[in-house]
Amino acid sequence: MMKKKTVAVLFGGGSSEYSVSLESASGVIRHMDKDRFTPVLLGITQQGDWYCFTGDTDRIADGTWTSSDCAPAAISPDRSRRELLVFRKDGTQHIPLDVVFPVLHGRNGEDGTVQGLCELAGIPLAGCGTLSSALCMDK
């Protein structure tokens with residue numbers, strides 16, 4: 001049997017397309033094959049704060065995901081680790097990541113910034129890479 005891949009689904013962000021990202025991410029999470037993939041939900045608030053969200057997926061689509069079930073989080077830039085760091089009250093949780101699936105729209109999401117972070121961290125990315133993302137945003 002094949003090992004399930006851990007996928008960080010990255011949603012939200014500081015762009016004016018925040019709500020579009022929430023709706024898109026909700027659809028991606030709902031339709032993800034849970035027999036093959038384990039989603040790790042990584043939301044970015046409109047103010048730029050990153051959180052690991054463990055609540056009901058419906059709360060992403062309706063925009064209430066930040067009200068509870070969140071812990072501050074960050075992608076580790078250490079290429080040898082390839083992980084999400086979740087800062088809980090009782091210590092830091094390390095979640096190994098196989099891939100990041102950015103479901104972000106607009107500035108600081110599909111402009112190469114998040115793609116560059118994943119490239120630095122050595123974590124594979126679903127979608128376009130750093131350079132192509134940056135070039136496509138420069139329309």
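Placed above this text is the structure.
The present account deals with the structure reproduced in this document. Small disclaimer: the values here were computed from a predicted structure and weren't measured.

**A short note on the side chain of Ser26**
- With respect to the element layout, Ser26 can be found in helix H1 (residues 18–31).
- With a relative accessible area of 0%, Ser26 lands in the buried category.
- For Ser26, the side chain forms a polar contact with the side chain of Arg30, separated by 2.7 Å.

**What about the pairing of strand S5 (residues 83–88)?**
- As judged from the three bridges shared by strand S4 (residues 70–75) and S5, these two strands associate in the antiparallel manner. Paired with Ala74 across the strands is Leu85, a residue of S5.
- As paired elements, S5 and strand S6 (residues 91–96) share six bridges and run antiparallel to each other. Among the inter-strand pairings, Glu83 is bridged to a residue of S6, identified as Pro96.
- Taking the residues that link successive antiparallel strands as the turn, the S5-S6 hairpin has two residues.

**Quick notes on the pattern of salt bridges**
- Using the criterion set out here, one finds three salt bridges in the structure.
- When the shortest N-O distance is used, the salt bridge between Asp69 and Arg59 registers 2.7 Å. Note that Asp69 is positioned in the loop between helix H2 (58–61) and S4 and Arg59 in helix H2, a separation of ten residues in sequence.
- Overall, Asp69 belongs to the partly exposed group, its relative accessible area being 38%.
- By relative accessible area, which is 16% here, Arg59 ends up buried.
- For Glu83, the salt bridge identified is with Arg81, shortest N-O distance 3.2 Å.
- Note on Glu83: relative accessible area 6%, which makes it buried.

**Details of the side chain of Thr6**
- Within the secondary structure, Thr6 is located in strand S1 (residues 5–12).
- Thr6 sits in the buried class, given a relative accessible area of 14%.
- With sequence-adjacent residues up to four places away left out, Thr6 is seen in contact with Thr38, Val40, Ile95, Pro96, Leu97, Asp98 and Val99.

**Regarding the sheet that holds strand S2 (residues 37–44)**
- The strand order S6-S5-S4-S3-S2-S1-S7 describes an open sheet built from seven strands, whose pairing is mixed. At either end of the open sheet lies a strand with only one pairing partner, and these are S6 and strand S7 (99–104). Strand-to-strand twist in this sheet, taken as the mean axis angle between neighbours without regard to direction, amounts to 35 degrees.
- With three bridges connecting them, strand S3 (residues 50–53) and S4 associate as antiparallel partners. Across the sheet, Tyr51 pairs through a bridge with Pro72, a residue of S4.
- Along the sheet, H1 makes contact with S1, S2 and S7, crossing S1 at roughly 155 degrees.

Conventions we followed
Residues numbered from 1 in each chain as written. Predicted model: local features only at pLDDT ≥ 70, side-chain atom pairs only at ≥ 80, totals over all residues. Heavy atoms only, no water. Helix = DSSP H or I, 4+ residues; strand = E, 2+ residues; numbered from the N terminus. Buried < 20%, exposed > 50% of the residue type's maximum accessible area, 1.4 Å probe, protein only. Polar contact = N/O pair within 3.5 Å; in protein donor to acceptor, adjacent residues only side chain to side chain. Pairing = 2+ DSSP bridges. Salt bridge = Lys/Arg side-chain N within 4 Å of Asp/Glu carboxyl O. Contact = heavy atoms within 4.5 Å. Axes fitted to C-alpha atoms, helices over the stretch in contact; angles between N-to-C directions.

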